[in-house]
Amino acid sequence: GENVEQHPSTLSVQEGDSAVIKCTYSDSASNYFPWYKQELGKRPQLIIDIRSNVGEKKDQRIAVTLNKTAKHFSLHITETQPEDSAVYFCAAAINTGTASKLTFGTGTRLQVTL
Amino acid sequence: DAGITQSPRHKVTETGTPVTLRCHQTENHRYMYWYRQDPGHGLRLIHYSYGVKDTDKGEVSDGYSVSRSKTEDFLLTLESATSSQTSVYFCAISVRGGQETQYFGPGTRLLVL
């Protein structure tokens, strides 16, 4: 099955700096790559996603890049703010024919310090 | 919140007892999923459903069963709970099940003593 690796597991940046989280996947059939943010005690919330026919996508301070050849994708957060502190999960989806199954990375705890 | 609720939100039970968790959605989404979340493992798919009475296994399905007798409810049952099933359980829905966003419910925190 699909395997998604995520690095780093923890990341500390100063407010205003950029943060980058990287993920690799194993199955070339994966075609959808969402990123979720999870605050303590809350549900995962989608922050951005990218499909396999697109190389880059931006939404204000957040961007995601996808390199299908290398099977890796990355989340970039610019001008970080304290409210960006959370755990971030990447995921890769494979369509099984009946549904889309997500495989998640193990998460990155981002801490934005003042 | 995509109209998803989970019940109970918290539960403490003893090893060997059966437990059923409920996921309820109000928007007639076809696809529903159950995940468990454990430290160091992220979220792992237990079972999913692609319609009423249509279900399939995920990567960690051993010890779990599911049922979906109507569109709005997806039930997860632990037939005989074990301490290794202590976890936070999230339900999710998606609209079409293909390259589509999955929206998560608020979660159920389960402790098996």
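Our structure is the block above this text.
Along each chain, numbering runs from 1 in the same order as the chain's sequence is written. Chains carry letters and ligands carry numbers; both start at the beginning, A for chains and 1 for ligands, and go up in the order they are written. Confidence filtering applies because this is a predicted model: local features only for residues at pLDDT of at least 70, side-chain atom pairs given and counted only at 80 or more, and all residues used for totals across whole chains, interfaces and linings. For side-chain calculations, the full set of non-hydrogen atoms in the structure is used, while hydrogens and water are omitted.

**Q** Tell me about the overall build of chain B, and name the residues and values.
**A** Helix and strand labels come from DSSP, where a helix needs a run of H or I of at least four residues and a strand needs a run of E of at least two; each type is numbered from the N terminus. When you go through chain B residue by residue, the secondary structure sums to zero helices and eleven strands. Its helices and strands taken in sequence order, chain B reads β-β-β-β-β-β-β-β-β-β-β from the N to the C terminus. Seen through its C-alpha atoms, chain B measures out along the principal axes to roughly 40 × 30 × 25 Å. Out of the 113 residues in chain B, the part that is buried amounts to 52%. The contact rule is simple, with two residues in contact once any of their heavy atoms fall within 4.5 Å. The long-range fraction of contacts in chain B, counting pairs at least 24 apart against all pairs at least 6 apart in sequence, stands at 55%. Note that accessible areas follow from Shrake-Rupley with a 1.4 Å probe, and for residues the cover is restricted to the protein chains shown. Only carbon and sulfur atoms are counted for the fraction: they give 48% of the accessible area of chain B, which is about 5100 Å². Note on classification: 1.4 Å probe, protein chains only; a residue is buried when its accessible area is under 20% of the maximum for its type, exposed when over 50%, partly exposed between these limits.

**Q** Run through the sheet that holds strand 1 (residues 4–7) of chain B, naming residues and quoting values.
**A** All names here are of chain B. The pairing criterion for strands is at least two bridges between them, as found by DSSP. Overall, antiparallel pairing links the four strands, which are arranged 1-3-8-7 in an open sheet. Since the sheet does not close on itself, it has two edges, and those belong to strand 1 and strand 7 (64–70), each with one partner. Each adjacent strand pair in this sheet contributes to an overall mean axis angle of 20°, direction not counted. Bridge count for strand 7 against strand 8 (residues 73–78) is five bridges, and the pairing is antiparallel. Along strand 8, the bridge assignment pairs Lys-70 with Asp-73. Note on definitions: angles span 0 to 180 degrees between N-to-C directions of axes, and those axes are lines fitted to C-alpha atoms, for helices only across the stretch in contact.

**Q** Which residues make up the pattern of salt bridges, and what values do they have?
**A** Salt bridge, as applied in this entry: a Lys or Arg side-chain nitrogen positioned within 4 Å of an Asp or Glu carboxyl oxygen. On inspection of all chains with the given rule, the structure shows eight salt bridges over all chains. With its nearest N and O atoms 3.8 Å apart, the salt bridge here joins A:Arg51 to A:Asp49. Note that B:Asp38 and B:Arg44 form a salt bridge whose closest N and O atoms lie 2.9 Å from each other. Linked by salt bridges that have partners in common, A:Asp49, A:Arg51 and A:Lys57 make up one network.

**Q** Quick rundown of the nonpolar core? Include the residues and the values.
**A** Residue and element names in this part refer to chain A. One finds Trp-35, Phe-73, Leu-75, Tyr-88 and Leu-110 to be the most contacted residues of the largest nonpolar core, which totals 24 residues. Looking at this core, the elements that each hand over two or more residues are strand 2 (10–14), strand 3 (19–25), strand 4 (32–38), strand 5 (45–51), strand 7 (62–67), strand 8 (72–77), strand 9 (86–95) and strand 11 (108–113). Once you skip the residues sitting within four places of it in the chain, Leu-110 turns out to touch Leu-11, Val-13, Ala-19, Ile-77, Asp-84, Ser-85, Ala-86 and Tyr-88. Buried Ala, Val, Leu, Ile, Met, Phe, Trp, Tyr and Cys residues form a nonpolar core when they are joined through side-chain atoms within 4.5 Å.

**Q** Run through the state of the cysteines, naming residues and quoting values.
**A** Only a pair of cysteine sulfur atoms within 2.5 Å qualifies as a disulfide here. Inspection of the entire model under this criterion finds two disulfides over all chains. Here A:Cys23 is linked by a disulfide to A:Cys90, with a sulfur-sulfur distance of 1.9 Å. Note on the A:Cys23 and A:Cys90 pair: the S-S dihedral is about -100°, so by sign convention the disulfide is left-handed. On the criterion of sequence distance, the pair formed by A:Cys23 in strand 3 and A:Cys90 in strand 9 is long-range, its members being 67 residues apart. Assessed through its relative accessible area of 1%, A:Cys23 is described here as buried. What pairs with B:Cys23 in a disulfide is B:Cys91, and their sulfur atoms sit 1.9 Å apart. Handedness here is read from the sign of the S-S torsion; for B:Cys23 and B:Cys91, about -70°, the answer is left-handed. Taken together, the positions of B:Cys23 in strand 3 (residues 19–25) and B:Cys91 in strand 9 (residues 87–94) put the pair 68 residues apart, joining distant regions of the chain. Just as B:Cys23 is buried, B:Cys91 falls in that class too.

**Q** For the environment of B:Val66, give the residues involved together with the corresponding values.
**A** Residue and element names in this part refer to chain B. As for its placement among the helices and strands, Val-66 is situated in strand 7. When its relative accessible area of 19% is taken as the criterion, Val-66 is described as buried. Spatially, the C-alpha atom of Val-66 lies 17 Å from that of Ser-94, the residues being 28 residues apart in sequence. Sequence-distant contacts of Val-66, defined by excluding residues within four places in its chain, comprise Trp-34, His-47, Thr-55, Phe-74, Leu-75 and Leu-76.

By themselves these figures say nothing about function.
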